[in-house]
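In case you want the letters, here they are:
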Number of protein chains: 2
Amino acid sequence: MSRIDRNRARKERRASRSGTGISQIGFGPLNNRYPPINPLSEEQVEEIHNASLCLLRDSGIEVMSASVRAQFNREGASVDDDTGIVKVDPEMIIELISRAPREIRLTPRNSDHTVTLGGSQVNFGAVSGPPNVHDRVHGRRAGNFADYKKLISLGQAFNVISVFGNQSVATTDLPVPTRHLDCYEANLTLTDKIFSAIPIGKERVVDAAHMVAIARGISLDELHRSPGLIGNININSPRKLDEAMSDGALALAELGQAVIVTPFTLLGAMTPVTMAAALVQQNAEALLGLSMIQMAFPGSPVIYGGFTSNVDMRSGAPTFGTPENAKANLAGGQMARRYGLPYRTSACNASNSVDVQSTYETQMALWGAVMGHGNLVYHAAGWLEGGLVASFEKFVIDVEVIQHLSEMLKPIDTSVDELAVDAISGVEPGGHFFGAEHTMERYESAFYTPFLSDWQNNENWQAAGAKDATSRATEIWQSVLENFEPPAFDDDRREELSEYVQRRKREIGTREM
Amino acid sequence: MSRIDRNRARKERRASRSGTGISQIGFGPLNNRYPPINPLSEEQVEEIHNASLCLLRDSGIEVMSASVRAQFNREGASVDDDTGIVKVDPEMIIELISRAPREIRLTPRNSDHTVTLGGSQVNFGAVSGPPNVHDRVHGRRAGNFADYKKLISLGQAFNVISVFGNQSVATTDLPVPTRHLDCYEANLTLTDKIFSAIPIGKERVVDAAHMVAIARGISLDELHRSPGLIGNININSPRKLDEAMSDGALALAELGQAVIVTPFTLLGAMTPVTMAAALVQQNAEALLGLSMIQMAFPGSPVIYGGFTSNVDMRSGAPTFGTPENAKANLAGGQMARRYGLPYRTSACNASNSVDVQSTYETQMALWGAVMGHGNLVYHAAGWLEGGLVASFEKFVIDVEVIQHLSEMLKPIDTSVDELAVDAISGVEPGGHFFGAEHTMERYESAFYTPFLSDWQNNENWQAAGAKDATSRATEIWQSVLENFEPPAFDDDRREELSEYVQRRKREIGTREM
């Protein structure tokens, strides 16, 4: 197949795959032109900033990696190798953080799906991390590779999703040492959007970089200059940075790829029960992790992560989409902006069912994320049950809600044709506008068209089976997956990718026997 | 029973009825201290303002009432008695509107439930107007008085509801000419919050005023000085003001009670399909109605109403909670503030089922209402199916969401005890805060406690019957109604009220035979 033929075939495939059969808004971030909602006054932001710097100076963070401790020591921090505690002065933190760029541009193998993190642009990521998966047809089951591929296919099909986090669902049926290779290969063949490396240790990160470079037909040096990977590490809150996390983060930074540092701060469990304390701790832990990266690789792209929610104090179970979670999403944005850093937040819920609770919880968190000017909203589609389940129906519902919100926040056009005083006058008092010329010229595209909402009258709705929105969501994901066609991909690169995976599996397999 | 005994008995009843068995926030408005979200620039607000004044000057509104036309004529407007069209100059509109107060205080028979409309205070009203009613136990049925009483009892029981609109559900089993008397009597015995007069003609309004005065033990003059009634009239969009509506509105204003003027503007049906045109028309129609009231009764309390949503262009059916509806809720607030008027908006949906769709639609509209600084959010609990149904389960769910939002928008305390740097340092890295002293002292009240959300783990949730949130809502309204006790009410006043109703029924009955 010649290059020209391949290009033609690709174009044809592209044309057909745009037909998901559902009404979508275009790819691209929600540009939130409204000022953020700020629960903290400027003085309060400084209070939290100062308290977190005091915490880092006086009590510090336990850093498990000896090499990271050594580097902190060389740079002038106070390090205790017995306890692992690293204490850092405020001036040093502030200087290190100031090295980070304000905006990050990430280019996947399809440059049409480039993502910019910064300013008022809000990007939405698919669910990542759950050990289990659920849909209404097959029920609840352990995460597996077949479902993994279906979930990322959904994320590819829906335009509002622009980032895949660290595994849409655990692939428990694949061998642990090599499953990252299978997942990356699926990410690069079934999708052409930004995805996350698995930043647990260095090796998985290096594999991700090699594979993305192959898929894009570029070298690792070129990938360094034009990053296309992101990775999220958690601080093991309270105040502990695990070695696999720092290794993964530093490996990404060394390769020039973007790192999110997200403290895992649930009020009442990993932080005190007060919101102010949780924000102090989140801020201190995030700054420590981000400082580590800027110390080793000045100017490398980093993102301030917030994942502050609370727990059910009766059971200790994590809760999401609560008023506290949504408020923390807002406040986290204020802290990130305090340092001029892009902001990652989330839209989660803790319901056991794809029901009304899962909807109001996610939407409450989503409003916090969007009005907090989150630049990257993790888990924005498909998260259920406090993150224990990736849900197909919830994925569909969340996409619909993101589309609603995106449309709601678009500006209003007040040009003369839109004000339409003549059109108003043209209809007699008590009449209607259905047949008016002004209406006829515009009605097909005048309003946002949801794909999930059902507006039939009750009689017709009953006659059509009285399907609620969750039932309709089942039909939608089934239809989207049935019609799914993977994005165009150069055959040579696909082959090279496959060879890389096979080679690495042999290496890892041999080594580990 | 002596006065002292009655007071004691009332206090005891009050103490017991606070036990709805569910976790509630206190009575009172959501004080939204955040700036509104403004989809229109200041220039765009002026463009809509100017376009609507041009519409009123050049094309006018059809006013069905000859007496209202005559008054407009006397005041200098251009009136055509053949067509009924009234055209008013911008200067006249602006002068008339400027007479209205910026803030309105409404006192019900229990002054603890006083409502202030204005500024950043958001009050929530129960569903009003549906012809049908639905719950999961008894299904969908025509509105009736028994369900009417249950719905207002729910509204009384839930603290976030502070206003009852014009009938929670139609009482189709009561005689039309006197059903307003039964409804008012129920409002005044089963609830002690602000409710709406039925401003369809003068007579129903006068009855409401007499009955509220009796319930409060005051004269009509005193009621005039301390208003306790509200009434909503719709403009019959496009551009038509029915006589029963102007009669009802003017009767309320004459008695010193508050009037909302709400154009019924669905894009594509009653207005052009463009948002700008709908806002122009809404604004023109609202200003005309409000001007009429200020012309007749200068300085009387009025509220700017917005009810702009769109229709499904395939069927013509009204839709709610759409991006257009939510955006209009925001923009309507800008127009009301342009004139320094309190703002009434809504939180509706168009779903056939108490499902995920009804939840995301209502919540989208609710965010528009709250961030548009709606002072009174109509239909905020219990609205379903585009307003054709009042739903018991939806009522419960909506209250939960309003509570969530109220808590989310509360400020963050950053006092030293809340920042709690010592408490953070007091737990070792990687430890937890469950048993910490700082936690133990605060955990019981640290977080908002929802009454509807279920955070059990999946195993326990399954074992408990795997009830989704809508099923749990059924149990909640059943329990709230079972435990419901009407608010304390002076026996003499109750008797006087009953006598008034009987007398009026005899009068109306005799007259109409």
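None of these values were measured; they are calculated from a predicted model.

**Some thoughts on helix 6 (residues 179-190) of chain A**
Residues and elements named next belong to chain A.
Okay, so step 1: Between the first and last C-alpha of helix 6 there are 16 Å, a value that for 12 residues agrees with the 16 Å anticipated at 1.5 Å per step.
Okay, so step 2: Among the 12 residues in helix 6, 12 count as buried, and that is most of the element.
Okay, so step 3: Here helix 6 has its buried residues at Arg 179, His 180, Leu 181, Asp 182, Cys 183, Tyr 184, Glu 185, Ala 186, Asn 187, Leu 188, Thr 189 and Leu 190.

**Thoughts on the packing of helix 5 (residues 145-157) of chain A against helix 19 (residues 469-482) of chain A**
Helix packing geometry: the angle between the two helix axes and the distance between the axes.
All names here are of chain A.
Okay, so step 1: Across the interface, helix 5 lies against helix 19 with an axial gap of 10 Å and an inter-helix angle of 85°. Relative to helix 19, helix 5 is oriented roughly perpendicular. Side by side, helix 5 and helix 19 meet where Lys 150, Ser 153, Leu 154 and Ala 157 of the first sit next to Trp 477, Val 480 and Leu 481 of the second.
Okay, so step 2: For the contact of helix 5 with helix 19, the residue count by class is five nonpolar, one polar and one charged.

**Overview of the side chain of B:Thr345**
All names here are of chain B.
Okay, so step 1: Within the fold, Thr 345 resides in strand 19 (residues 343-346).
Okay, so step 2: Overall, the relative accessible area of 0% leaves Thr 345 in the buried class.
Okay, so step 3: In terms of polar contacts, Thr 345 uses its side chain to reach the side chain of Asn 329, at 2.9 Å.

**Some remarks on the interface of chain A and chain B**
Okay, so step 1: Counting residues at the interface gives 111 residues for chain A and 111 residues for chain B.
Okay, so step 2: The largest contributions to the chain A side of the interface with chain B come from A:Ile412, A:Phe447 and A:Trp455, which together make up 10% of the buried area.
Okay, so step 3: Run the count over chain A and chain B and you get 44 residue pairs in polar contact (both at pLDDT 80 or more).
Okay, so step 4: When residues in the side of chain A that touches chain B are grouped by element, the largest group, 10 residues, is from helix 12 (residues 356-371) of chain A.
Okay, so step 5: Considering only residue class, the side of chain A that touches chain B consists of 56 nonpolar, 33 polar and 22 charged.

**Some points on the pairing of strand 14 (residues 258-263) of chain B**
Residues and elements named next belong to chain B.
Okay, so step 1: With respect to burial, strand 14 is a largely interior element, six of its six residues being buried.
Okay, so step 2: Burial along strand 14 is two-sided: the residues Ala 258, Ile 260 and Thr 262 and Val 259, Val 261 and Pro 263 are all buried.
Okay, so step 3: Pairing between strand 12 (residues 229-235) and strand 14: six bridges, direction parallel. Paired with Ile 235 across the two strands is Pro 263, which belongs to strand 14.
Okay, so step 4: Relative to strand 16 (residues 302-305), strand 14 runs parallel, the two being bridged by three bridges. In the strand pairing of strand 16, Val 261 is matched with Tyr 304.

**Section: helix 12 (residues 356-371) of chain B**
Residue and element names in this part refer to chain B.
Okay, so step 1: Across its 16 residues, helix 12 extends 22 Å between first and last C-alpha, which sits within 8% of the 22 Å expected from 1.5 Å per residue.
Okay, so step 2: The backbone nitrogen of Gln 357 has a side-chain oxygen 3.2 Å away, supplied by the residue at the start of helix 12, namely Asp 355.
Okay, so step 3: Immediately beyond the C-terminal end of helix 12, within one or two residues, lies His 373, with a positive phi of roughly 55°.

**Side note on the relation of the copies chain A and chain B**
Okay, so step 1: Superposition of chain A onto chain B requires a rotation of 180° combined with a translation of 0.0 Å along the rotation axis, giving an RMSD of 0.0 Å. Such a turn and shift between the copies fits a two-fold axis. For chain A, the minimum C-alpha distance to the rotation axis belongs to A:Val356 and amounts to 2.5 Å.
Okay, so step 2: Here 100% of the contact residues of chain A are again contact residues in chain B; the copies associate through an equivalent surface.

**Observations regarding the side chain of A:Ser346**
Residues and elements named next belong to chain A.
Okay, so step 1: Relative to the helices and strands, Ser 346 is located in strand 19 (residues 343-346).
Okay, so step 2: A relative accessible area of 4% means that Ser 346 is categorised as buried.
Okay, so step 3: Among the polar contacts made by the side chain of Ser 346, one reaches the side chain of Arg 344 at a distance of 2.9 Å.
Okay, so step 4: Ignoring anything within four residues of it in the chain, the contact list for Ser 346 reads Gly 306, Phe 307, Asn 329, Ala 365, Ala 369, Val 377, Tyr 378 and His 379.

About the cut-offs
Residues numbered from 1 in each chain as written. Chains lettered and ligands numbered in written order. Predicted model: local features only at pLDDT ≥ 70, side-chain atom pairs only at ≥ 80, totals over all residues. Heavy atoms only, no water. Helix = DSSP H or I, 4+ residues; strand = E, 2+ residues; numbered from the N terminus. Expected span 1.5 Å × (residues − 1). Buried < 20%, exposed > 50% of the residue type's maximum accessible area, 1.4 Å probe, protein only. Axes fitted to C-alpha atoms, helices over the stretch in contact; angles between N-to-C directions. Parallel < 35°, antiparallel > 145°, perpendicular 65-115°, else oblique. Contact = heavy atoms within 4.5 Å. Nonpolar A, V, L, I, M, F, W, Y, C, P; charged D, E, K, R; others polar. Polar contact = N/O pair within 3.5 Å; in protein donor to acceptor, adjacent residues only side chain to side chain. Buried area = accessible area lost by both parts, 1.4 Å probe. Pairing = 2+ DSSP bridges. Least-squares fit on C-alpha atoms with pLDDT ≥ 70 in both.

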